[in-house]
Amino acid sequence: MPNAKYACGSAAHAVSRRGFLAAAGATAALGPAGFAAPGSTAELARNQKRVLVIFLAGGVSQLETWDPKPGTDTGGPFRAIPTSVTGTHICELLPHTAARMHKLAVVRSLNSTTPDHAQGEKIMLTGRRPEAGIEYPHIGAVAAKMLGGEQAEMPGHIHILPGGGGGGRADAAFLGPQFASVPVPDGRPPTNLLRPAGLTADADAAREALRQSLTDRFSRSRRSAASEAYAASFAQAERVFHRADVFDVERESLKTAERYGRHDFGRHLLLARRLLEAGVSYVKVSHSNYDTHHENFDFHIEQLGEFDRPFSALLDDLSDRGMLESTLVVVMSEMGRTPRINDRFGRDHWSNGWSVVMGGAGIKGGAVVGRTNANGSTIADREVGPWHLFHTYLRAVGLDPERNFHPNQRPVPVADPRASAISEILA
């Protein structure tokens, strides 16, 4: 999906040749090789925890979603509507979600410190302020390592992107490439996932045996972290090869497909559910074009109209399958949008007083944390940062954010040690 003409045109919204080639290479090389973990999948234990992040790329407006301010100088044209939680109102653009707010918690007092696309996304996904000399892993890599481990059957960290967009393979930082995101552009299975038609099963097995023999011989003399990562990738690719059907949403019933909607975002959320159900620890689904410097209201009608029904279907589907209690669902952006409406009927970048929603595993449905003032121009109560959210995500799925990783034998806290979880929304 191309970026909309109303976006800001920053570098974060450009598709670089390097990024495209990296993503294409990552996906193609995956074939077998891009996926990193083992085999035929046992049924995911019902209590195994998983994380799903729905990333509204560009910066969704908090006033047109979770923190409406109708009747004020910043409120815009939309009404606030009641939800399934008494006293909690959200924007009328989300009627299906409103009926399910008892499954969700809202944080309305987020200060993410920077109104910049790239830095904002990094801060939101790492829960860290930028620091010289160290890169921190994204929540997807952390979840893949701590929930799935190195011997997970499926890749632990998958990113479903709209269109043919690429993905970042540096998001695992010091955790290593086996926990980096595997991009799935347009929700389509990697093109090299299946064995070529001209290659017989016997020939493929012989080829794999030769590769394994060479790998073993190399490892005996020159074993390194990189060679182990490659070996793990091939091993996982071999396992994923036998689960290629997981990527095929056409295997779902017509009723289920219709429930999510016959458009890209619905199909991507349905794929996310299939991947989580198959044992993937973390899936991120991006929904783009929220950078509404022009015609903010018209474009939020369009984008949220596309978001609302599939998202509600996802919550119902996870609940019906007994997965919602073990799946943390987070809806976030890299920033919010200014309360002030500019002269193009748009809203610009905003980081000081916007909203994030989460539900499912470990989350107290119906909770509302924090408050902005009457017109949303400042935080009035319980300011929190992405570092508090990061602690909260880990606590919600039963992980200890106060543990350390040990890259190069040096302890590095899993989450920012200066912060803690938002206890009010933890069940």
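Every value quoted in this text rests on a predicted model; they were computed, and no experiment measured them.

Draft legend 1. Focus on the sheet that holds strand E8 (residues 327-332). Taken together, 8 strands build an open sheet; the order of strands is E6-E5-E7-E1-E8-E11-E4-E12 and the sheet is mixed. Of all strands in the sheet, those with a lone pairing partner are strand E6 (182-185) and strand E12 (368-369), marking the two edges. Bridge analysis of strand E4 (residues 104-111) against strand E11 (residues 352-360) gives 6 bridges, and the strand direction is antiparallel. Paired with Leu 110 across the two strands is Trp 354, which belongs to E11.

Draft legend 2. Representation of the environment of Val 356. Tracing the chain through its elements places Val 356 in strand E11. Accessibility expressed as a relative area gives 0% for Val 356, which makes it buried. In this structure the C-alpha to C-alpha distance between Val 356 and Arg 108, which are 248 residues apart in sequence, comes to 6.8 Å. With sequence-adjacent residues up to four places away left out, Val 356 is seen in contact with Ala 105, Val 106, Val 107, Leu 110, Met 124, Val 330, Val 331, Met 332, Leu 389 and Tyr 393.

Draft legend 3. Spotlight on helix H5 (residues 201-222). When the terminal C-alpha atoms of H5 are compared, their 31 Å separation across 22 residues agrees well with the 32 Å that a helix rising 1.5 Å per residue should span. Among the residues making up H5, those that are buried are Asp 204, Arg 211 and Thr 215. Projection of H5 onto a plane perpendicular to its axis shows the buried side chains occupying an angular sector of 40°, all on one side. Every exposed residue of H5 that faces more than 90 degrees away from the buried side is listed here: Asp 202, Leu 210, Arg 217, Arg 220 and Ser 221.

Draft legend 4. View of the confidence of the model for the protein chain. Looking at the protein chain as a whole, its pLDDT mean stands at 86, while 82% of the residues score no less than 70. Every residue in residues 14-44 scores below 50 in pLDDT, and together they form 74 contacts with partners more than four places removed in sequence or on other chains.

Draft legend 5. Molecular detail of the nonpolar core. Of all hydrophobic cores here, the largest spans 50 residues; its most connected members are Ile 54, Trp 66, Ile 160, Leu 275, Val 283, Phe 307 and Phe 311. With 8 residues, helix H9 (residues 296-320) is the largest single contributor of residues to this core.

Draft legend 6. Spotlight on the pattern of salt bridges. Under the defined criterion, the tally for this structure stands at 31 salt bridges. Between Asp 291 and Arg 337 there is a salt bridge whose closest N-O contact spans 2.9 Å. Of this pair, Asp 291 sits in the loop between strand E7 (282-287) and H9 while Arg 337 sits in strand E9 (residues 336-337); the two residues are 46 residues apart in sequence, bridging distant segments of the chain. Among the salt bridges present, the one from Asp 343 reaches Arg 344, with a minimum N-O distance of 3.5 Å. The class of Arg 344 is partly exposed, set by a relative accessible area of 35%. Several salt bridges converge on common partners, so that one network encompasses Glu 252, Arg 259, Arg 273, Arg 274, Glu 277, Asp 317, Asp 320 and Arg 321.

Draft legend 7. Structural view of the pairing of E4. For E4, a buried count of 8 out of 8 residues is recorded, marking the element as mostly surrounded by other parts of the structure. Looking at chain direction, E4 and E12 are connected through 2 bridges and run parallel. Within E12, the position partnered with Val 107 by the bridge is Val 369.

Draft legend 8. A look at helix H4 (residues 139-148). Among the 10 residues of H4, 8 are classified as buried, and the element is accordingly described as predominantly covered. Of all the residues in H4, the buried ones are Ile 139, Gly 140, Ala 141, Val 142, Ala 143, Ala 144, Met 146 and Leu 147. Looking at the packing, one finds that the buried side of H4 touches strand E1 (50-56), helix H3 (117-126), strand E5 (157-161), E7, helix H10 (386-396) and strand E15 (404-405).

Draft legend 9. Structural detail: the packing of H3 against H10. Where H3 meets H10, the axes come as close as 7 Å, and the angle between the chain directions of the two elements is 35°. The segment H3 lies against H10, with Ile 123, Met 124, Leu 125 and Thr 126 engaging Pro 386, Trp 387, Leu 389 and Phe 390. Tallied by class, residues from the contact of H3 with H10 come to 7 nonpolar, 1 polar and no charged.

Draft legend 10. Structural context of the packing of aromatic side chains. This structure, assessed with the given rule, holds 4 aromatic pairs. Ring centres of Phe 78 and Phe 297 lie 6.0 Å apart, and the angle between their planes is 70°; this geometry places the pair in the edge-to-face category. Separated by 219 residues along the polypeptide, Phe 78 in the loop between E1 and strand E2 (80-82) and Phe 297 in helix H9 bring together distant segments of the chain. The class of Phe 78 is buried, set by a relative accessible area of 12%. Since its relative accessible area comes to 11%, Phe 297 is described here as buried. For the pair Phe 174 and Phe 405, a centre-to-centre distance of 6.0 Å together with 65° between the ring planes defines the contact as edge-to-face. Residue Phe 174 is found in the loop between E5 and E6, and its partner Phe 405 is found in strand E15; the two are separated by 231 residues along the sequence. Classification of Phe 405 by relative accessible area gives buried; the value is 6%. Taken together, the ring pairs in this structure connect Phe 265, Phe 307 and Phe 311 into an aromatic cluster.

About the thresholds
- Residues numbered from 1 in each chain as written.
- Predicted model: local features only at pLDDT ≥ 70, side-chain atom pairs only at ≥ 80, totals over all residues.
- Heavy atoms only, no water.
- Pairing = 2+ DSSP bridges.
- Helix = DSSP H or I, 4+ residues; strand = E, 2+ residues; numbered from the N terminus.
- Buried < 20%, exposed > 50% of the residue type's maximum accessible area, 1.4 Å probe, protein only.
- Contact = heavy atoms within 4.5 Å.
- Expected span 1.5 Å × (residues − 1).
- Arc of directions from axis to C-beta.
- pLDDT = per-residue confidence, 0-100.
- Core = buried A, V, L, I, M, F, W, Y, C linked by side-chain atoms within 4.5 Å.
- Salt bridge = Lys/Arg side-chain N within 4 Å of Asp/Glu carboxyl O.
- Axes fitted to C-alpha atoms, helices over the stretch in contact; angles between N-to-C directions.
- Nonpolar A, V, L, I, M, F, W, Y, C, P; charged D, E, K, R; others polar.
- Phe/Tyr/Trp six-rings, centres within 6.5 Å; stacked < 30°, edge-to-face > 60°.

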